[in-house]
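Structural overview
These are the residues of each chain, in order.
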Amino acid sequence: MTRRTLAVVSAGLSQPSSTRLLADQLAAATRDELVRRGSEVELHVVDLREYAHDVVNNMLTGFAPAALREVIDTVTGADGLIAVTPIFSASYNGLFKSFFDVLDSESMVDRPVLIGATGGTARHSLALEHAVRPMFAYLRSVVVPTAVFAAPEDWSDGTADGALRARIRRAAGELADQIERRPPATGPADPFALTTDFLQMLGRGDGEAVS
Amino acid sequence: MQFGIFTVGDVTVDPTTGREPTEHERIKAMVAIALKAEEVGLDVFATGEHHNPPFVPSSPTTMLGYIAARTERLLLSTATTLITTNDPVKIAEDYAMLQHLSDGRVDLMMGRGNTGPVYPWFGKDIRAGIPLAIENYDLLHRLWREDVVDWKGKYRTPLQSFTSTPRPLDGVPPFVWHGSIRSPEIAEQAAYYGDGFFANHIFWPKEHTQRMIALYRQRYAHYGHGSADQAIVGLGGQVFMRRNSQDAVREFRPYFDNAPVYGHGPSLEEFTRETPLTVGSPQQVIDRTLGFREYVGDYQRQLFLMDHAGLPLKTVLEQLDLLGEEVVPVLRKEFAALRPAHVPAAPTHASLVVAAGGATDSTVHAVDDVTGKAPEGATR
């Protein structure tokens with residue numbers, strides 16, 4: 001049985017948070033889908049609110065305090081990421097962006113990502129397409145085609161009932177597809193690993209393999 | 001083991017008085033601090049090199065030459081010399097001159113510089129930082145070891161039949177350290193040449209230092225300079241002391257809270273936990289510093305940052321009294337007792353001369369007008 005890790009990042013600020021609620025539903029649907037296909041799934045849910053000060057300190061000092069370091073390693077070392085943000089002023093909130101700002105820009109390359117967002121009105125839904133998706137394009141992650149936006153009416157028993165659930169299922173299936181196409185993740189990259197040797201750097205010959 | 005101080009040379013407002021020293025005051029303060037370092041029995045004074053405000057030390061050999069003339073024993077060094085934006089030919093000349101004037105009391109630490117806008121002022125590009133450091137140092141290394149150099153590279157005009165003068169004192173080039181916070185390529189470079197590696201070890205978690213030193217040691221052994229525990233390691237450190245640790249914390253906090261590097265970010269307590277910064281009594285500084293050895297092994301040089309963030313000169317001099325009188329004598333004794341016999345001490349001019357089999361006069365006396373080459377017999 002293949003073992004998969006799924007990181008879930010929620011940038012919701014209130015408690016309880018509808019952003020966290022959407023994140024949990026996306027996580028459960030993805031986990032169920034991977035389990036159904038025969039994987040064992042380990043979920044790591046991160047409420048960025050708990051690391052807000054650390055994220056700012058990271059921006060100011062250039063290094064992540066120990067607790068945040070652990071979160072960053074979890075996110076950059078997972079098989080897949082579910083990233084959910086509330087929409088503020090027509091875009092992701094500052095906490096969401098700041099967290100991804102302090103990641104090494106190479107650390108999310110080729111990582112399957114499912115994006116989601118919540119907002120006070122469905123008119124914010126395209127923020128997922130014009131703000132969140134381009135950010136992950138910069139990080140060269142693989143964002144699944146279905147992005148999931150939840151407006152207040154999606155949580156009620158109104159006419160939209162069922163539409164959100166179906167969307168979550170579709171998105172989770174797409175994320176599971178992307179994860180399954182890849183070998184299990186080997187954890188975060190080591191920033192201190194030596195990838196070249198001196199003679200290569202000096203441009204003299206091909207150098208030699210570095211143990 | 002060598003103990004000393006290194007300075008960034010920043011002009012910063014004292015947050016407790018609102019007063020900002022002039023450049024002139026800061027430069028004179030740096031000299032006073034260096035002289036005090038010798039007076040209290042420290043071994044090394046190292047100055048940074050910067051080419052932008054709020055920093056004053058743009059001309060390290062001028063300052064170090066002046067300090068050399070006013071000291072007897074103090075070893076003069078840099079933290080760091082910009083191997084990327086300086087012409088390696090000028091580094092070879094300037095530091096060989098300083099080596100002669102100071103009778104061998106000089107070594108250098110190479111660094112890249114992390115301020116993007118500085119590079120273009122010197123015709124360079126920060127994106128080529130590592131290749132510049134590699135190529136420039138390789139040339140510098142040759143200029144101090146070969147009397148006549150023919151050279152062609154990517155970042156500097158070629159050299160034909162060039163002799164860098166003066167030749168190194170006694171035929172022995174100054175010892176070189178390479179400093180880097182998190183670039184494994186620089187640890188590799190230091191290991192390749194068998195040079196020293198210095199981990200800045202302030203402002204960042206100890207894990208960075210631990211990883212870089214471990215890599216440097218492993219590669220030092222790989223290149224055949226000795227066993228891993230014989231590699232030449234230096235560490236930075238940052239402390240603020242008062243006899244009573246509460247007094248130290250109370251007095252240092254406003255400087256910490258407003259410091260250019262980490263101010264307005266983490267609390268003093270968080271930063272003390274996450275990085276090697278120690279604010280407390282001399283005994284706390286002794287204990288913490290002895291602990292460094294546990295994650296980097298026996299090492300050769302410990303430099304402390306004492307004079308930044310607007311601390312007044314008077315306070316810095318008091319700190320140096322505590323460091324020289326109460327902390328370093330204990331550290332010297334304890335580190336020496338722990339160090340196995342096969343682990344070398346930090347290289348000095350005297351030890352390098354011995355290792356080279358004695359001093360030789362390396363003066364290049366004459367150059368042939370036609371070929372530009374120095375006759376073989378005239379180089380000694």
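Residues numbered from 1 in each chain as written. Chains lettered and ligands numbered in written order. Predicted model: local features only at pLDDT ≥ 70, side-chain atom pairs only at ≥ 80, totals over all residues.

This brings us to the overall build of chain A. Secondary structure summary: chain A contains 8 helices and 7 strands in total. In summary, chain A has a C-alpha radius of gyration of 19 Å against a globular reference of 17 Å for 211 residues, a match within 12%. C-alpha atoms of chain A, sized along the principal axes, occupy 70 × 40 × 30 Å. Across the 211 residues in chain A, those meeting the buried criterion constitute 40%. In chain A, 75% of the contacts between residues at least 6 apart in sequence involve partners at least 24 apart. (Helix = DSSP H or I, 4+ residues; strand = E, 2+ residues; numbered from the N terminus. Rg over C-alpha atoms; globule rule 2.2 N^0.38 Å. Buried ≥ 20, exposed ≤ 12 C-beta atoms within 10 Å, placed from the backbone. Contact = placed C-beta atoms within 7 Å.)

Residue and element names in this part refer to chain B. Look at helix α10 (residues 282-296) against helix α11 (residues 313-338): their axes get within 10 Å of each other, and the N-to-C directions meet at 35 degrees. Between α10 and α11 the crossing geometry is right-handed. Contacts between α10 and α11 involve Pro-282, Val-285, Ile-286, Thr-289, Leu-290 and Arg-293 on the former and, on the latter, Leu-322, Glu-326, Val-327, Val-330, Leu-331, Glu-334, Phe-335 and Leu-338. Split by residue class, the contact of α10 with α11 holds 10 nonpolar, 1 polar and 3 charged. (Axes fitted to C-alpha atoms, helices over the stretch in contact; angles between N-to-C directions. Left-handed = near helix turned anticlockwise from the far one by under 90°. Nonpolar A, V, L, I, M, F, W, Y, C, P; charged D, E, K, R; others polar.)

The next thing to look at is the nonpolar core. Judged by nonpolar contacts, the single largest core of 95 residues is most densely connected at B:Phe45, B:Phe197 and B:Tyr216. If you tally residues by element for this core, the top one is helix α5 (residues 129-143) of chain B, at 7 residues. When sequence neighbours within four positions are dropped, the list of residues in contact with B:Phe197 reads B:Trp177, B:His178, B:Ala187, B:Ala190, B:Ile213, B:Tyr216 and B:Val233. Counting 52 residues, the second-largest nonpolar core is a separate cluster that includes A:Val71, A:Leu81, A:Ile87 and A:Phe99. (Core = buried A, V, L, I, M, F, W, Y, C linked by C-beta atoms within 7 Å.)

The next point concerns the pairing of strand β3 (residues 80-88) of chain A. Residues and elements named next belong to chain A. Counting buried residues in β3 gives 8 out of 9 residues, a clear majority hidden from the surface. Summarising the sheet, strand β1 (residues 2-10) and β3 pair through 5 bridges and their orientation is parallel. Bridge pairing links Ala-7 to Leu-81 in β3. Pairing of β3 with strand β5 (residues 112-118), which is carried by 6 bridges, proceeds in the parallel orientation. Bridging from a neighbouring strand, Leu-81 pairs with Val-113 of β5. By the bridge criterion, 2 bridges tie β3 to strand β4 (residues 91-92) in an arrangement that is antiparallel. Looking across to β4, one finds that Phe-88 is bridged to Ser-91. (Pairing = 2+ DSSP bridges.)

Listed as interface residues are 20 residues of chain B and, on the opposing side, 16 residues of chain A. Contributions of two or more residues to the side of chain B that touches chain A are made by α5, α6 (184-193), α7 (206-222) and α9 (268-274) of chain B. If one sorts the elements of the side of chain B that touches chain A by residue count, α6(B) sits on top with 5 residues. Its residues placed into classes, the side of chain B that touches chain A shows 10 nonpolar, 3 polar and 7 charged.

A few words on unusual backbone geometry. In the segment running from A:Gln15 into A:Pro16, the intervening peptide bond is cis, with an omega of 0 degrees. With respect to the element layout, A:Pro16 can be found in the loop between β1 and α1 (18-36). A cis amide bond links B:Pro53 to the next residue, B:Pro54, at an omega of 10 degrees. Relative to the assigned elements, B:Pro54 resides in the loop between β2 (44-47) and α2 (60-69). Backbone geometry places A:Ala90, a non-glycine residue, at a positive phi of 70 degrees. By the secondary structure assignment, A:Ala90 is in the loop between β3 and β4. One non-glycine residue with positive phi stands out, namely A:Asp110, at about 65 degrees. Taking the number of C-beta atoms within 10 Å as the measure of exposure, A:Asp110 has 10 and is therefore exposed.

Strand pairing in a sheet relies on backbone hydrogen bonds, with the paired strands running either antiparallel or parallel. Residues and elements named next belong to chain B. Pairing in this open sheet of 9 strands is parallel, and the strands run β3-β2-β1-β13-β10-β9-β8-β5-β4 from one edge to the other. Bordering the open sheet on either side are β3 (75-78) and β4 (81-82), each of which pairs with just one other strand. Strand direction decides the pairing type here: β4 and strand β5 (residues 108-111), joined by 2 bridges, are parallel. Counted as the bridge partner of Thr-81 is Met-110 from β5. Running over the sheet, α7 touches β9 (196-199) and β10 (233-235) and is turned about 170 degrees from β9.

This part is about the environment of B:Thr163. Inspection of the secondary structure puts B:Thr163 in the loop between β7 (159-162) and β8 (176-179). Residues B:Thr163 and B:Val149, spaced 14 residues apart in sequence, show a C-alpha to C-alpha distance of 6.4 Å.

The description of two helices packed together rests on the angle between their axes and the distance between the axes. Residue and element names in this part refer to chain B. At a minimum axis separation of 8 Å, helix α3 (residues 88-101) and α5 run at an interaxial angle of 40 degrees. When the interaxial angle is binned, α3 and α5 end up oblique. Where α3 crosses over α5, the two elements pack in a sense that is right-handed. Contacts from Pro-88, Val-89, Ile-91 and Ala-92 in α3 reach Asn-136, Leu-139, Leu-140 and Leu-143 in α5. Classifying every residue of the contact of α3 with α5 gives 7 nonpolar, 1 polar and no charged. (Parallel < 35°, antiparallel > 145°, perpendicular 65-115°, else oblique.)

Residue and element names in this part refer to chain B. In this model α11 runs 35 Å from its N-terminal to its C-terminal C-alpha over 26 residues, within 8% of the 38 Å that 1.5 Å per residue would give. Along α11, the largest kink reaches about 40 degrees and is centred on Val-327; proline Pro-329 follows within four residues of it. Listing the buried residues of α11 in full gives Val-316, Gln-319, Leu-320, Leu-322, Leu-323, Val-327 and Val-328. Taken together, the buried residues of α11 touch β1 (2-7), α1 (23-39), β11 (239-241), α10 and β13 (301-304). (Expected span 1.5 Å × (residues − 1). Bend = angle between axes of the 7 residues up to and from the residue.)

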